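Next come the chains, spelled out residue by residue.
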Amino acid sequence: MAKQTFTTGQVLTAAQVTSLQQTAMLGGSASAKVASYTLVAADAGTTVSMSNASATTITVNTGLFAAGDTVTILNTGVGTCTITAGTATVSKPTNATLALVTSAGGVLYFTATGAATFLPFDVGSAAATSNANYTLINAGGTALTGAATVTVSGLSGNQKLLIYVKQASSASASSNFGLRLNADSGTMYDGIGLYTTSASSIGVEANGAAPSSYMFTLGTQGTNVANSIYAYALIDGANATGLKSIISHSNANGTAYSAYAHQGTYAGTSVISSISIFSETGNLDAGTVYVYGSGA
Amino acid sequence: MYKEKIVNAITGEETYRNYTAAEVAEVEAAIVEAAERTTEAQAKATVRASALAKLAALGLSADEIAAL
């Protein structure tokens, strides 16, 4: 029930009392929106939910709310819903975001008619744009199965990305595993590396003069398909337009030697929004990739 | 048919697309290269084993061979 001024002797209906009870129990009626919306005074004490496949905004203006008013915001759509300061100011906790991904939400608490603080329900789900800690972005990891390439998208907004590949394998013996950024298969990856695929040899890779079409070799199973790959890659500058710095290490377990250590750059100028793990010669059939993001 | 699986890290939405003809050609070329690598590695291992056997036949101990 929207906020209102009650008068002496006013008789509340059962529906109004039920609504008040809901609000008192931190629920309350939801005003469903499907397009960008500017809050109005009647939204005080209610929930405004947004559902849109594309990005939307909820704008907050001054002169509509009183100190102590609250408006709950919930994004149920696939598109990010951003709480935008119109003529009012909107503050938030340092490591929170006003850009709400699917199922994210929080409470706008007005400290004055022209000032609100957004209190997110789950700070941990916020984008890491100003958070120095690494946060797992793809909850539970992404299975490296059912395809030759597995791409994890939706990674924008992170200055650093830490990619951990756990026990990746392919049904194809001696398949190489690689990493690409933004699905870019152009010759954009430079660097140097050391590798060994046997107990008696060490190789050097230097592709500065002839960049590779993928981020070096994450590893190879050798000739034993029972082997699997453990690898990590650290990308810095992922949310900027310049060169991205990349360091990666990988090892194969099992009976075949395989160890790779690389460092270099990716020359793409777009921010990193996706990473892809691929098997060169056949489908990935096991393993998980975890992607962690950091804003600092 | 080779595929790419695309998973949105935020929503969990999962979609697939088939490899393009150019990507399939890359995989097929990589398969040939991988077979060549395997053959080369096996041949090298065979030559090494043969060389070690000949050194042993000359009377060198395992430690002496390892020290070479």
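These numbers were taken from a predicted model, which means no experiment stands behind them. (Residues numbered from 1 in each chain as written. Chains lettered and ligands numbered in written order. Predicted model: local features only at pLDDT ≥ 70, side-chain atom pairs only at ≥ 80, totals over all residues.)

1. A few points about the overall build of chain A
If you tally the helices and strands in chain A, you get one helix and 23 strands. Within chain A, buried positions represent 42% of all 296 residues. Sequence separation of at least 24 residues holds for 72% of the intrachain contacts in chain A that already meet a minimum separation of 6. (Helix = DSSP H or I, 4+ residues; strand = E, 2+ residues; numbered from the N terminus. Buried ≥ 20, exposed ≤ 12 C-beta atoms within 10 Å, placed from the backbone. Contact = placed C-beta atoms within 7 Å.)

2. As for the sheet that holds strand β7 (residues 89-91) of chain A
Residue and element names in this part refer to chain A. In spatial order, the strands read β1-β3-β5-β9-β10-β7; together these six strands make up an open sheet with mixed pairing. Only two strands of the sheet have a single partner each, and these edge strands are β1 (30-33) and β7. For this sheet the average axis-to-axis angle between neighbouring strands, irrespective of direction, equals 25 degrees. Direction of pairing for β7 relative to strand β10 (residues 115-120): parallel, over a ladder of three bridges. If you follow Val90 over to β10, its bridge partner there is Ala116. (Pairing = 2+ DSSP bridges. Axes fitted to C-alpha atoms, helices over the stretch in contact; angles between N-to-C directions.)

3. Some points on helix α1 (residues 21-57) of chain B
Residue and element names in this part refer to chain B. Spanning 37 residues, α1 covers 54 Å between terminal C-alpha atoms, matching the ideal 54 Å at 1.5 Å per step. The buried fraction of α1 amounts to one of the 37 residues, a small share that puts the element mostly on the outside. Of the residues flanking the end of α1, it is Gly59, one or two places downstream, whose phi is positive at about 105 degrees. (Expected span 1.5 Å × (residues − 1).)

4. Some remarks on the confidence of the model for chain A
Residues and elements named next belong to chain A. In the predicted model, chain A carries a mean pLDDT of 85, and 87% of its residues have values of at least 70. Across chain A, strand β2 (residues 37-38) holds the top mean pLDDT of 96, while strand β18 (residues 217-220) sits lowest at 71. Taken as a whole, residues 123-129 scores under 50 in pLDDT and shows 22 contacts with residues more than four places along the chain or in a different chain. (pLDDT = per-residue confidence, 0-100.)

5. A few points about unusual backbone geometry
Residue and element names in this part refer to chain A. With a phi angle near 55 degrees, Asn182 is a residue other than glycine that sits in the positive phi range. At Ala183, a residue that is not glycine, the phi angle is positive and equals roughly 55 degrees. Its location among the elements puts Ala183 in the loop between β15 (176-181) and β16 (189-198).

6. Points about the nonpolar core
In terms of nonpolar packing, the biggest core is built from 60 residues, with Ile277 and Val291 of chain A touching the most fellow members. Residue contributions to this core reach at least three from each of two domains, namely domain 1 (14-125) and domain 2 (135-294) of chain A. Residue contacts for Val291 of chain A: discarding those within four places in its chain leaves Ile137, Asn138, Val152, Leu155, Leu161, Ile163 and Ile275 of chain A together with Ala9 of chain B. (Core = buried A, V, L, I, M, F, W, Y, C linked by C-beta atoms within 7 Å. Domains from an automatic or database assignment.)

7. Details of the interface of chain A and chain B
Contacts between chain A and chain B engage 22 residues on the former and 18 residues on the latter. The set of elements that each furnish at least two residues to the side of chain A that touches chain B consists of β12 (142-147) and β13 (149-153) of chain A. The greatest single-element share of the side of chain A that touches chain B, amounting to five residues, is contributed by β13 of chain A. Relative to strand β1 (residues 3-8) of chain B, β13 of chain A runs parallel, the two sharing five bridges. Looking at the pairing, Ser153 of chain A lines up with Asn8 of chain B of β1 of chain B.

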